[in-house]
Amino acid sequence: MSVSEEKENSLDFQPLDPNGDEKEKPSLELSFVSLPPNYFAPFAAQIEIMVSGLINANPIVDIKDPEHPYSLEELKVITEDAIEVDNERSYVRVTFTPTVEHCSMATVIGLCLRVKLMRSLPSHYKMDIRVAPGTHATEAAVNKQLNDKERVAAALENPNLLDMVDECLAPSYA
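Residues numbered from 1 in each chain as written. Predicted model: local features only at pLDDT ≥ 70, side-chain atom pairs only at ≥ 80, totals over all residues. Heavy atoms only, no water.

## Points about the overall build of the chain
Cut-off, in case you're wondering: Under the DSSP-based scheme used, a helix requires at least four consecutive residues in state H or I and a strand at least two consecutive residues in state E, with every element numbered from the N terminus. Throughout, exposure labels follow a simple rule: accessible area from a 1.4 Å probe, protein chains only, divided by the maximum for the residue type, with under 20% read as buried, over 50% as exposed, and the rest as partly exposed. By definition, residues are in contact when any of their heavy atoms lie within 4.5 Å. For every accessible area listed, the method is Shrake-Rupley and the probe measures 1.4 Å; residues are considered covered only by the protein chains on display.
In terms of helices and strands, the chain carries six helices and three strands. Along the chain, helices and strands appear, N-terminal first, in the series α-α-β-β-α-β-α-α-α. Scored against the burial criterion, the 174 residues of the chain give a buried share of 31%. The long-range fraction of contacts in the chain, counting pairs at least 24 apart against all pairs at least 6 apart in sequence, stands at 62%. Working note: accessible area of the chain is about 11900 Å², and carbon and sulfur atoms make up 53% of it.

Here's what the structure looks like:
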């Protein structure tokens, strides 16, 4: 890159002058590139492995239960059969089964699954996190919370809840 190209591409912020007046600020224009739908197609196998990795005993993808010292796989909350991946449509559905019908942590478990997928998959993937039909007393309410972007964003702004999610997603070396 030539010196003139480098100067064009760099942002030149001007400091405040001694009188406290701001000097002219450069404009910052952002442009977004639209990717074709099949852009991630070469990575389909790796994406499927990442998603199915949610239930492996690998410490990197191990998700712990918020109340018990066991993984969701060990408690049979999530199984390999409960994970559906459609790379053609960039879609993932995870259906989990809470340990008891009145599980107070069902929304936290679902939030952990959603955050793990959000951190692991390309951003264009649509995620559907659901409680298995008939396995929770407030199934419809939990499903609504877990699949509402605004509710999920609000939940992740709560530092206590985010700490709990991070703790569940932290690797365990046991």
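## Section: helix α4 (residues 139-146)
Defined as follows: It is the directions from the helix axis to the C-beta atoms whose arc is reported.
Every buried residue of α4 is listed here: Val142, Asn143 and Leu146. Along the long axis of α4, the arc covered by the buried residues comes to 100°, so they all point the same way. For α4, exposure combined with an orientation more than 90 degrees from the buried face picks out Ala140 and Lys144. Check the buried side of α4 and you find it contacts β2 (91-96), α3 (106-120), β3 (126-131) and α5 (149-157).

## Looking at the pairing of β2
Walk down a regular strand and you will see the side chains alternate between the two sheet faces. Selection criterion: Pairs of strands are assigned from DSSP output, requiring at least two bridges between the strands.
Of all six residues in β2, five are buried, a share of seventy percent or more. Sheet topology note: the strand β1 (residues 83-86)/β2 ladder contains four bridges and is antiparallel. If you follow valine 85 over to β2, its bridge partner there is valine 92. The turn linking β1 back onto β2 is made up of four residues, and serine 90 within it adopts a positive phi angle of 55°. Examined bridge by bridge, β2 and β3 share six bridges and lie parallel to one another. In the sheet register, threonine 95 faces β3, and the bridge partner there is arginine 130.

## Structural notes on the packing of aromatic side chains
Under the convention used in this document: Ring pairs shown here join Phe, Tyr and Trp side chains whose ring centres sit within 6.5 Å, with only the six-membered ring taken for Trp; geometry is labelled stacked below 30 degrees between planes, edge-to-face above 60, and tilted in between. Criterion for a charge above a ring: Lys NZ or Arg CZ within 6 Å of the ring centre, and within 35 degrees of the ring normal.
Applying the stated criterion to the full structure yields zero aromatic pairs. One Lys or Arg, arginine 89, reaches over the ring of tyrosine 91 and ends 5.2 Å from the middle of that ring.

## Topic: the side chain of histidine 136
Which entries qualify depends on this criterion: Polar contact criterion, stated in full: a pair of N or O atoms within 3.5 Å, where within protein one must be able to donate a hydrogen and the other to accept it, and residues adjacent in sequence count only if both atoms are side-chain atoms.
Relative to the elements of secondary structure, histidine 136 occurs in the loop between β3 and α4. Owing to a relative accessible area of 9%, histidine 136 belongs among the buried residues under this scheme. A polar side-chain atom of histidine 136 sits 3.0 Å from the main-chain amide nitrogen of threonine 138. Aside from chain neighbours lying at most four places away, what touches histidine 136 is Pro98, Val100, Glu101, His102, Cys103, Ala106, Val131 and Val142.

## Let's talk about the nonpolar core
Put simply, the rule is: Nine residue types can take part in a nonpolar core, namely buried Ala, Val, Leu, Ile, Met, Phe, Trp, Tyr and Cys, and a core is a set of them joined through side-chain atoms within 4.5 Å.
Ranked by size, the top nonpolar core spans 30 residues in total, and within it Val94, Phe96 and Leu113 carry the most contacts. Among the secondary structure elements, those contributing two or more residues to this core are β2, α3, β3, α4, α5 and α6 (159-169). Among the elements that take part in this core, α3 stands out by supplying eight residues, more than any other. Excluding anything up to four places from it in sequence, phenylalanine 96 contacts Val77, Ala106, Ile109, Gly110, Leu113, Ile129, Arg130, Val131, Ala132, Thr135 and Leu146.

## Side note on the environment of asparagine 87
On the secondary structure map, asparagine 87 appears in the loop between β1 and β2. For asparagine 87 and tyrosine 125, which are 38 residues apart along the polypeptide, the C-alpha to C-alpha distance reads 8.6 Å. Within the local environment of asparagine 87, its side chain forms a polar contact with the side chain of tyrosine 125, the two groups lying 2.5 Å apart.

## Some points on the state of the cysteines
Put simply, the test is: Counting rule for disulfides: a pair of cysteine sulfur atoms within 2.5 Å.
Under the defined criterion, the tally for this structure stands at zero disulfides. This cysteine, cysteine 112, is not joined by any disulfide, and cysteine 168 carries the nearest cysteine sulfur, 3.8 Å off.

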